Amino acid sequence: MQPMGNGMPSRQAAICFVPMNTSYKPSLCSHRFGAHGVTLAELLVVLGIIALLISIVLPPLSIAHKQALSTRCAAQQQQIGIAATNCKNEYDFYPLWDDDGAPVRYTWLDVFIQRRLLSSARAAYCPEDPRPPAINAARAEHFQLRYPGDLNHFGIDYSYGISVPLSAGGWAWRSGFGSGGDDRPRRLEDHERYPSRRVLSADSNWSAVYNLSGDALYAHDWSYPTQYDNTVDWRHHGLRANLLFQDGHVALIRFHYGARNPIDTVRQFVWHPGESMYVGPDYSYRGNFYPCVPPVDASNSASSGLFPAEMVPGYYTQNMLWTHIHHK
């Protein structure tokens with residue numbers, strides 16, 4: 001080794017020490033550490049490991065993100081539940097589901113916004129709602145309804161629907177207001193008996209929830225088997241929907257795709273325990289038909305003295321009173 005000026009061997013000399021009596025090629029010790037580079041095979045191995053790690057990590061992250069969105073949706077529904085309870089306490093009724101208008105329809109959630117029971121329209125949109133979902137758009141096209149804010153697309157506003165029997169105020173039902181002379185009794189019995197199991201609102205692709213059916217998941221037809229079905233939108237991960245119950249709690253319920261009974265309608269129901277998944281206007285229970293007709297003529301509720309005008313979206317539409325609904 002060649003000593004440096006201070007008597008110590010240099011680093012380069014230490015690395016390349018070769019006995020003087022040994023023949024060598026300069027190339028054996030002419031390179032320094034790390035200077036030889038990386039082969040293509042080594043690079044491919046590293047890339048493969050990275051891709052494997054990504055494939056392992058991303059799905060759990062995606063699921064966690066969806067769970068966070070579902071939790072946010074549930075929190076919004078709890079706000080809606082508080083607004084609904086306040087309405088029921090003040091007026092003895094929940095809002096009617098919508099004004100039956102066109103080409104843009106005002107709904108029960110507009111009533112909450114108009115009356116400042118919801119701070120803004122943002123709470124009425126689920127973060128996982130594509131606005132509008134496909135079934136919403138298909139149903140709205142049938143009724144020629146345009147989606148607010150994007151009139152080039154069909155759809156009805158907001159991400160949640162209200163239970164028809166509760167929204168119709170069926171416990172106060174009176175005869176004489178059925179359409180086309182249909183005067184079948186539609187009284188809702190025991191409307192306050194099952195508050196922890198009766199659905200008040202749900203993730204929905206319409207303003208109203210008639211039942212808990214999900215046949216559109218199989219047939220991709222919003223009206224199968226009838227136009228009253230498929231109003232719950234099973235939009236969350238694993239075919240789940242957030243349901244708001246009459247007592248104010250929210251639960252994430254799974255639709256068991258392919259099972260004989262995809263939903264247990266004893267544990268959660270719209271009308272009565274153990275109801276069919278397809279209950280609608282032609283179904284009867286305890287001598288009463290499905291409560292889907294308000295107890296009075298909703299368009300004339302202000303003079304009826306029963307169903308309060310403040311709970312009827314059509315009242316605001318007819319009298320041009322939507323002063324806080326700015327996006328329609």
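Before any of the text, the structure's been laid out above.
Source: prediction; values computed, not measured. (Residues numbered from 1 in each chain as written. Predicted model: local features only at pLDDT ≥ 70, side-chain atom pairs only at ≥ 80, totals over all residues. Heavy atoms only, no water.)

> An account of the overall build of the protein chain is needed here, citing residue identities and associated values.
Scanning the protein chain from N- to C-terminus turns up 8 helices and 9 strands. Out of the 328 residues belonging to the protein chain, those deemed buried represent 45%. By sequence separation, contacts in the protein chain at least 24 residues apart represent 65% of the contacts at least 6 residues apart. Of the accessible surface of the protein chain, which amounts to about 17,400 Å², a share of 55% is contributed by carbon and sulfur atoms. (Helix = DSSP H or I, 4+ residues; strand = E, 2+ residues; numbered from the N terminus. Buried < 20%, exposed > 50% of the residue type's maximum accessible area, 1.4 Å probe, protein only. Contact = heavy atoms within 4.5 Å. Areas by Shrake-Rupley, 256 points an atom, 1.4 Å probe, with all protein chains shown as cover.)

> Quick one: what's the story with the sheet that holds strand E6 (residues 240–245), residue by residue and with numbers?
Strand order in the open sheet formed by 5 strands is E5-E3-E4-E6-E7, with mixed pairing between adjacent strands. Whereas interior strands pair on both sides, the edge strands pair on one side only; in this sheet they are strand E5 (208–209) and strand E7 (250–254). (Pairing = 2+ DSSP bridges.)

> Give me the lowdown on the environment of Tyr316, citing residues and values where you can.
Locating Tyr316 in the fold gives a position in helix H8 (residues 313–318). For the pair Tyr316 and Asp110, spaced 206 residues apart in the sequence, the C-alpha separation amounts to 9.6 Å. Setting aside its immediate chain neighbours within four residues, Tyr316 contacts Val111, Gln114, Arg115, Ala309, Glu310, Leu321 and Trp322.

> Can you lay out a nonpolar patch on the surface for me, pointing to particular residues and giving the numbers?
Among the surface-exposed residues, Val38, Leu40, Leu43, Leu44, Val46, Leu47, Ile50 and Ile54 lie close enough to one another that they form a single nonpolar patch of about 750 Å² accessible area. The residue Ile50 is located in helix H2 (residues 40–91) in this model. With a relative accessible area of 41%, Ile50 lands in the partly exposed category. (Patch = residues over 30% accessible without salt bridge, like charges linked within 9 Å, V, L, I, M, F, W, Y side chains within 5 Å. Salt bridge = Lys/Arg side-chain N within 4 Å of Asp/Glu carboxyl O.)

> Which residues make up unusual backbone geometry, and what values go with them?
That bond from Arg131 to Pro132 is cis: its omega, 0°, falls within 30 degrees of zero. Its location among the elements puts Pro132 in the loop between helix H3 (108–114) and helix H4 (134–143). Omega for the bond connecting Tyr224 with Pro225 falls within 30 degrees of zero, at 0°, which places this linkage in the cis form. Here Pro225 shows up in the loop between helix H6 (216–219) and E6. If you check the backbone angles, Asp100 has positive phi at about 60° while not being a glycine. By secondary structure assignment, the location of Asp100 is in the loop between H2 and H3. Its identity as a non-glycine residue notwithstanding, Arg286 has a phi of 55°, on the positive side.

> Lay out the environment of Ala121 with the relevant residues and their values.
In this fold, Ala121 is placed in the loop between H3 and H4. With a relative accessible area of 19%, Ala121 lands in the buried category. Ala121 sits 203 residues away from His324 along the chain, and the two C-alpha atoms are 9.7 Å apart.

> Could you give an account of the packing of aromatic side chains, with specific residues and numbers?
Per the counting criterion, the structure on display carries 18 aromatic pairs. With 6.3 Å between their ring centres and 25° between their planes, Tyr210 and Tyr290 make a pair best called stacked. Of the two residues, Tyr210 is situated in the loop between E5 and H6 and Tyr290 in the loop between strand E9 (288–289) and helix H7 (301–304); the sequence distance between them amounts to 80 residues. Across the pair, Tyr290 and Tyr210 agree in class, each one buried. Following the ring pairs from residue to residue traces out a cluster consisting of Tyr210, Tyr228, Trp271, Tyr285 and Tyr290. Lying across the ring of Tyr125, Arg131 places its NZ or CZ 3.8 Å from the centre. (Phe/Tyr/Trp six-rings, centres within 6.5 Å; stacked < 30°, edge-to-face > 60°. Lys NZ or Arg CZ within 6 Å of the ring centre and 35° of its normal.)

> Explain the pattern of salt bridges to me, and be specific about the residues and the numbers.
Under the counting rule described, the total for this entry stands at 13 salt bridges. We note a salt bridge from Lys328 to Asp110, for which the minimum N-O separation is 2.6 Å. Of this pair, Lys328 sits in the segment after H8 while Asp110 sits in helix H3, and the two are 218 residues apart along the sequence. Given the relative accessible area of 26%, Lys328 is considered partly exposed.

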